[in-house]
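# Architecture at a glance
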Amino acid sequence: MQVPPTLSWAGCPEPWLRALPRHYIARGGGQAVVTGDADRQQELPGLAQTWSGRRDPVQLKEEGNKYFQANDYEKAVQSYTQAIKLNKDKALQAVLYRNRAACFLKKEEYAKAASDASRAIDINTSDIKALYRRSQALEKLGKLDQAFKDVQKCATMEPRNKNFQETLRRLGADIQEKVNAGGSSPGFTDQMFEILLDENSEKEKREKAANNLIVLGREEAGAERIFQNNGVSLLLQLIETKNPELILAAVRTLSGMCTGHKARATAILHYLGIDNICMWMSVDNEEISLAVCNLLQTITDCLLGQGKEEHHGKEEAVVLDTKKDVRMITMRLLDMLVSKQVSGQGRDRALNLLNKNIPRKDLNDQDNSRTIFVIDNGLKKILKVVGQIPEMPDCLPLTENTQLTASVLLNKLYDDLRCDPERDNYRVICEEYINWPRGTGNMDKTLHAIQMVSGILQGPFDLGNKLLGMKGVMEMMVALCGSEREIDQLVAVEALIHASTKLSRASFIISNGVTLLKEIYKKTKNEKIKIRALVGLCKLGSAGGTDYGLRQFAEGSTEKLAKQCRKWLCNTSIDARTRKWAVEGLAYLTLDADVKDDFVEDEPALQAMFELASDKTILYSVASALVNCTNSYDTKELVPELVQLAKFSKQHVPEEHPKDKKDFVVKRVKRLLKAGVVSALACMVKADSAILTDQSKELIARVFLALCEDPKDRGTIVAQGGGKALIPLAVEGTEVGKIKASHALAKIAAISNPDIAFPGERVYEVVRPLVSLLNTERDGLQNYEALLGLTNFSGRSDKLRMKIVKERALPDIENYMFENHDQIRQAATECMCNLVVNKEVQERFVADGNDRLKLVVLLCGEDDEKLQVAASGALAMLTAAQKKLCSKMTEVTTQWLEILQRLCLHDNMEVQHRGLVIAFNLISADKELAMKMVKTELLEILTYVGKQEDDPKKQHIINVARDCLTKCMDYGLIKPLSRA
């Protein structure tokens, strides 16, 4: 029998599925709503508006985005085309071409898509979206070699992106197939080398040969063929040609050959020589430097036994002890840090490799010998990098990221130490570096020492504070502020900024150096020093944190400082490095509620900060300012009794600023969303892993969670890439950061259509963060919203249901079905209701020795109507799918019949329908069971319902009752006249 549906589902294969209750996809005010086109319209507000009167390229871009999200690609193309004609800003032009390329891909106009993507790449060569879209278009046009080249660049920039890796693998396999079809003999490999080494070869032929070689290197058989036929020597010849394209092809081929093969990787390392590899990595060509860095990382992964593991039998016997090679690589990287011959980019690559490979990945691993080796042999070299002063003539070549990356490395090394003696050794080496210039009378060396302290304060902060406690260090900083040399003032002011984080240090500086900072600010004509002095004053002014009662300066002073910071921030004529200090100042001043209120109202200042956020060196400052503006920092709840006690004992009681109340915070969040904060955060998440520290990730996660608070804003957050950006934050970072990001994902997952919020395979990555919130250590709201998200997901597909089961969420969901809190128990039951569609879940109910079925039956007897709807729906599906559960239901509790009768007479038609479906399933399962039921009052109930006159509103209920009676007649348990 087919049970009349509660909802109409196209293509539902099993008839019994129609008894499934509504999927809780979108919610508002605790009510379940079925999602459809209306929800999409809600997520894309304003699609119905007419925009023809607007001529602003930015507004036309937004219009195009909305048309694209609504799948109206023709109108999206028109909007982007109009914006391209009107626009004069290069950065926006790249975005417009990139977006139009996406439309052409959807319209299957691949030549146009490739052309537009190329125009975007011409403006910004590292535009990863444009590169990937061009790769997709070129693949469809049959130009696999060029498509492979583009996606390889994407994978180099974002090595953890699974989509890029999968595309690279697929294209590689396709090209390999073509190569094999054309001939895969050693002679074919030699032919490719001949083409590449012949300067007279056609450009197209050389490109094809280079890509073929790269693909061969990625395949085990091809890599071994190249290796055995003097290929490494020939690849070295390609590198020595000094042709960038050939160098890249050779290096990428070598990377493929080394991947997962320890013996071959070791042989290639020794043949090429670590000195040569480091020299190539030091070149002032970003693409080559990055490719060589990836080669060295691949070799290191093999030596450390990380990455893709493959076993090659006796070949492994060639490799004896890899520790010597690892130490050789480490020493050479440390030497690179202090070499003047190494470019700034090369130094950054060396620091990144040390950051990635030296500290332990898992602190449970007792072996931190690599960290100890670096501290003993290279800590002074890292300190030298941190102590560099770019304004001095003897400075090493640096990029804007170098010193911050070095500070991050110092922090990771310090955190990787296991005991106090190891930390004491680290501290002693730093102290020796500070004490070394004392008494020499060399002011420049003293400056380097003070700069080094600044760097450590940006890394291992606790160690930095110990160094500040050394005799004369703070006094030296204050004294240098009064120097006549501008460079002394510059370094000293910067050091004071980093030193004044602790309130005790700030108090010392306020009493000893604030007058000097004010004097410097007023008198100096050097903008670089002026803005640093201002930031110093900003930091001192915010030393009391969010406590309104601990203001360091007179009322109104912090607003004046902030106004000047915003003025500098918006002044594009000032160099970017100086403007970044304005962001640093605002990161401190926004602890003051008056400042943050003014800041969010200043849209040009916000936009300027978002643009600067693409610079990796100020990620932490931007994130800090946004955390302050959204009040997403942790606050201690004040207990009234303790407040009274503190006042009585004349202790300080923290005061809340009037503008830190909820209404003001909500307004600030709305302003930030309007200004495009989500897009800025999404860009920040893509930053280089060494710069995007776990602490920065936590701050970004906090901001996202604050932005997701209002359900009405979640569609906007998804549309601007917030859903995608949250996934890596929920997987990596501090424990607090992962929880915050997972909670933000839960808020989005609870009310959004997963197909829109997390398209494609991305939705499966969200399941684990949601399951992580099903923990008794998490608060009730996190539990509840995670359950809503999982309920939504489990209603989409059986593959998602299977993913939830594999993540071992089932026991936790069952536990929450026992929860005393009504809403959590309801959410867990709704989730289980959707999960029981899965065969594996059904089998768990059928298995002996568990009370799962008993729990569901008893929940059907609860007074909570919503809970009854979910529990009875689950029971209806279980009894329809598994006949064994029909007889088991009568055994798990003596109350089963009473509960079933209550369901069949329920005032709520949805509950009543489910009750009658359960009754039908039991009657259909077994004649003896049907006989047992006919002898009870249930027959009278079925007769009463079945005899009712036809009524369109409840016809589905009447029909099920009649079907029950018909089945009983078929069994011969009742006479046909009983239905008259």
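Within an unreviewed UniProt entry, the label attached to the protein chain reads Protein unc-45 homolog B, and the organism entered is Falco tinnunculus.

Taken as a whole, this structure holds 4 aromatic pairs when the rule is applied. Considering the side-chain rings of Tyr-132 and Phe-164, the 5.1 Å spacing of their centres and the 50° angle between planes classify their relative orientation as tilted. With Tyr-132 in helix α6 (residues 128–140) and Phe-164 in helix α8 (residues 162–182), this pair connects stretches of sequence that are 32 residues apart. Judged by relative accessible area, Tyr-132 falls into the buried class, the value being 14%. For Phe-164, a relative accessible area of 7% puts it in the buried group. Here Phe-758 and Phe-793 contribute two aromatic rings whose centre-to-centre distance is 6.1 Å and whose plane-to-plane angle is 80°, an arrangement assigned as edge-to-face.

Following the criterion strictly, the structure yields 52 salt bridges and no others. Residue Asp-116 is joined to Arg-100 by a salt bridge in which the shortest nitrogen-to-oxygen separation is 2.5 Å. Placement of Asp-116 in helix α5 (residues 110–123) and of Arg-100 in helix α4 (residues 90–106) is noted, with a sequence separation of 16 residues between them. Considered together, Asp-116 and Arg-100 belong to a single accessibility category, that of buried residues.

In this structure's numbering, the residues bearing the UniProt feature "repeat: TPR" (unreviewed entry) are residues 57–90 and 128–161. End C-alpha atoms of residues 57–90 are separated by 12 Å, and the span's content is 82% helix alongside 0% strand. In the segment residues 128–161, helix accounts for 79% and strand for 0%; the C-alpha atoms at its two ends are 11 Å apart.

In this model helix α29 (residues 557–570) runs 20 Å from its N-terminal to its C-terminal C-alpha over 14 residues, within 8% of the 20 Å that 1.5 Å per residue would give. For α29, the full list of buried residues reads Thr-558, Leu-561, Ala-562, Cys-565, Arg-566, Trp-568 and Leu-569. Angularly, the buried residues of α29 cover 160° about the axis, an arc narrow enough to put them on a single face. Residues of α29 that are exposed and angled more than 90 degrees away from the buried face: Lys-560, Lys-563 and Lys-567.

Attention now moves to the packing of helix α17 (residues 323–337) against helix α19 (residues 369–386). Between α17 and α19, the least distance of the axes is 9 Å, while the angle of their chain directions is 10°. Classified by the angle their axes make, α17 and α19 are roughly parallel. Within the contact between the two elements, α17 uses Val-326, Arg-327, Thr-330, Met-331, Leu-334, Asp-335 and Leu-337 and α19 uses Arg-370, Phe-373, Val-374, Asn-377, Gly-378, Lys-381, Ile-382 and Val-385. Taken together, the residues that form the contact of α17 with α19 break down as 8 nonpolar, 3 polar and 4 charged.

For Asn-71, which is not glycine, the phi dihedral falls at a positive 65°. Following the sequence through the fold, Asn-71 ends up in the loop between α2 (57–69) and α3 (73–86). Notably, Asn-631 is not glycine yet its phi reads approximately 55°, a positive angle. You can call Asn-631 buried: its relative accessible area is 18%.

What follows deals with the environment of Glu-194. For Glu-194, the position within the fold is in helix α9 (residues 186–197). Exposure remark for Glu-194: the relative accessible area of 57% places this residue in the exposed category.

With that settled, the discussion passes to the environment of Ala-786. With respect to the helices and strands, the residue Ala-786 is situated in helix α43 (residues 780–794). Sequence spacing of Ala-786 and Lys-747 is 39 residues, and the spatial spacing of their C-alpha atoms is 7.6 Å. Excluding residues that lie within four positions of it along the chain, Ala-786 makes contacts with Ala-746, Leu-770, Leu-773 and Leu-774.

Another aspect to go through is helix α25 (residues 486–499). Between the first and last C-alpha of α25 there are 20 Å, a value that for 14 residues agrees with the 20 Å anticipated at 1.5 Å per step. A large share of α25 lies buried, amounting to 13 of its 14 residues.

A word on the side chain of Thr-734. Considering the arrangement of structural elements, one finds Thr-734 in the loop between α39 (722–731) and α40 (735–751). Among the polar contacts listed, one links the side chain of Thr-734 to the side chain of Glu-698, at a separation of 2.7 Å. In this view, Thr-734 contacts Asp-694, Gln-695 and Glu-698; residues no more than four positions away in its chain are not counted.

Criteria and thresholds
- Residues numbered from 1 in each chain as written.
- Predicted model: local features only at pLDDT ≥ 70, side-chain atom pairs only at ≥ 80, totals over all residues.
- Heavy atoms only, no water.
- Phe/Tyr/Trp six-rings, centres within 6.5 Å; stacked < 30°, edge-to-face > 60°.
- Helix = DSSP H or I, 4+ residues; strand = E, 2+ residues; numbered from the N terminus.
- Buried < 20%, exposed > 50% of the residue type's maximum accessible area, 1.4 Å probe, protein only.
- Salt bridge = Lys/Arg side-chain N within 4 Å of Asp/Glu carboxyl O.
- UniProt positions renumbered as here; feature names shortened; annotations may be inferred.
- Expected span 1.5 Å × (residues − 1).
- Arc of directions from axis to C-beta.
- Axes fitted to C-alpha atoms, helices over the stretch in contact; angles between N-to-C directions.
- Parallel < 35°, antiparallel > 145°, perpendicular 65-115°, else oblique.
- Contact = heavy atoms within 4.5 Å.
- Nonpolar A, V, L, I, M, F, W, Y, C, P; charged D, E, K, R; others polar.
- Polar contact = N/O pair within 3.5 Å; in protein donor to acceptor, adjacent residues only side chain to side chain.

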